[in-house]
Amino acid sequence: MSIKAENIKYVYSEGTPFRTLALDDVNLSIEQGDFIGIIGHTGSGKSTLIQLFNGLEMSTEGKILVDDIVVGQDKKKLRNIRQMVGLVFQYPEYQLFEETVAKDVAFGPMNLKLNQEEIDKRTKEALELVGFNYDRIKDVSPFDLSGGQKRRVAIAGVLAMKPKYLILDEPTAGLDPAGRNEIFEQIKKLHKISNVTVILVSHSMEDIAKLVNKVVVLYKGKVHMQGTPKE
Ligand code: ATP
Ligand code: MG
């Protein structure tokens, strides 16, 4: 089971004067259980690439395979793929809008049309996976939380969908060092105790070197290097 990118090209605004080749012949493979970092400078194509992984965007050329399903080939499978490949956007706290933490986390599973008992169970599990005491956090307003705590709630919201692959786009952007630590520690534990495959997008090798077992370096839309953090 894996996510594979085969000969991916992605062009923004094809046919306009502003045409940008954001991804240029990208090939990579993410195996189940991996904890992989995707790093690169601003504009190197990281966010574009991960949006192809869950079918939010379609590549201009090449294909993405999620567990051997070609993303986008069968439109009916897109819903499935989006559930399998959970994506936490940069600054996800702006998507918290319910009056309690529990309601925010339950939002995703509610759309999966599960019964209430299953929704409650998943909400509790997801909040515990990101390090909260469920009974203490469930009725708190998301607006009363710290930056790091809000991020963890947003991550729980995606985990409640029970993704096989969890993609985090710059999960520590804009946090202070304490907030950064909090997030990295929780992600590390999460990868250890659940069997979710984690894909961590970051600007900085330094930040993620101690966490991940594999790194892909993007440079101007191309895979510049891949290997272990040491390599
Ligand atoms: P950052 O670290 O700043 O988040 P990134 O590595 O995620 O950068 P992308 O956002 O994937 O990079 O952008 C890759 C390239 O595509 C850049 O040249 C960017 O200017 C361009 N680009 C991104 N989004 C769009 C868009 N909506 N329309 C046109 N060009 C875009
Ligand atoms: Mg980005």
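Above: the structure in question.
Residues numbered from 1 in each chain as written. Chains lettered and ligands numbered in written order. Predicted model: local features only at pLDDT ≥ 70, side-chain atom pairs only at ≥ 80, totals over all residues. Heavy atoms only, no water.

Draft legend 1. The site of ligand 1, seen in detail. Lining the immediate surroundings of ligand 1 are 13 residues, of which T42, G43, K46, S47 and T48 lie closest. At a separation of 3.1 Å, an oxygen atom of ligand 1 approaches a polar side-chain atom of H203. Coverage of ligand 1 by the protein amounts to 63% of the 630 Å² it exposes when considered alone. Of all the secondary-structure elements, those providing two or more residues to the shell around ligand 1 are β2 (20–31) and α1 (46–53). Looking at which element gives the most residues to the shell around ligand 1, the answer is α1, with three residues. (Near = heavy atom within 4 Å. Polar contact = N/O pair within 3.5 Å; in protein donor to acceptor, adjacent residues only side chain to side chain. Areas by Shrake-Rupley, 256 points an atom, 1.4 Å probe, with all protein chains shown as cover. Helix = DSSP H or I, 4+ residues; strand = E, 2+ residues; numbered from the N terminus.)

Draft legend 2. View of the sheet that holds strand β7 (residues 165–169). Spatial strand order, β6-β7-β8-β3-β9-β10: six strands in an open sheet with mixed pairing. Both outer strands of the open sheet, β6 (85–88) and β10 (222–227), are each paired with one neighbouring strand and no more. Adjacent strand axes in the sheet meet at a mean angle of 20 degrees when their direction is disregarded. The sheet contact formed by strand β3 (residues 35–39) and strand β9 (residues 214–219) spans four bridges and is parallel. Bridge pairing links G37 to V215 in β9. (Pairing = 2+ DSSP bridges. Axes fitted to C-alpha atoms, helices over the stretch in contact; angles between N-to-C directions.)

Draft legend 3. A look at the packing of helix α3 (residues 101–111) against helix α4 (residues 116–129). Close contact between α3 and α4 brings their axes to 9 Å; oriented N to C, the two are set at 120 degrees. For the element pair α3 / α4, the angle class is oblique. Crossing angle aside, the handedness with which α3 passes α4 is right-handed. Here V101, A102, V105, A106, P109 and M110 of α3 lie close against α4, whose contacting residues are I119, R122, T123, A126 and L127. Each residue belonging to the contact of α3 with α4 can be placed in one class, and the counts come to nine nonpolar, one polar and one charged. (Parallel < 35°, antiparallel > 145°, perpendicular 65-115°, else oblique. Left-handed = near helix turned anticlockwise from the far one by under 90°. Contact = heavy atoms within 4.5 Å. Nonpolar A, V, L, I, M, F, W, Y, C, P; charged D, E, K, R; others polar.)

Draft legend 4. Structural context of the packing of aromatic side chains. Within the structure shown, the criterion is met by three aromatic pairs. Between Y10 and Y12, the ring centres sit 4.8 Å apart and the planes meet at 70 degrees, which makes this aromatic pair edge-to-face. With a centroid separation of 5.5 Å and 80 degrees between ring planes, the pair formed by F97 and F107 is classed as edge-to-face. Here F97, found in the loop between β6 and α3, pairs with F107, found in helix α3; they are ten residues apart in sequence, far enough to count as distant. (Phe/Tyr/Trp six-rings, centres within 6.5 Å; stacked < 30°, edge-to-face > 60°.)

Draft legend 5. Structural view of the pattern of salt bridges. Applying the stated rule across the entire model yields 14 salt bridges. In this structure, the salt-bridge partner of K214 is D34, at a minimum N-O distance of 3.3 Å. Remark: D34 occurs in the loop between β2 and β3 and K214 occurs in strand β9; sequence separation between them is 180 residues. Among the salt bridges present, the one from K138 reaches D139, with a minimum N-O distance of 3.3 Å. (Salt bridge = Lys/Arg side-chain N within 4 Å of Asp/Glu carboxyl O.)

Note that every value here comes from positions in space, so none of it alone points to a role or purpose.
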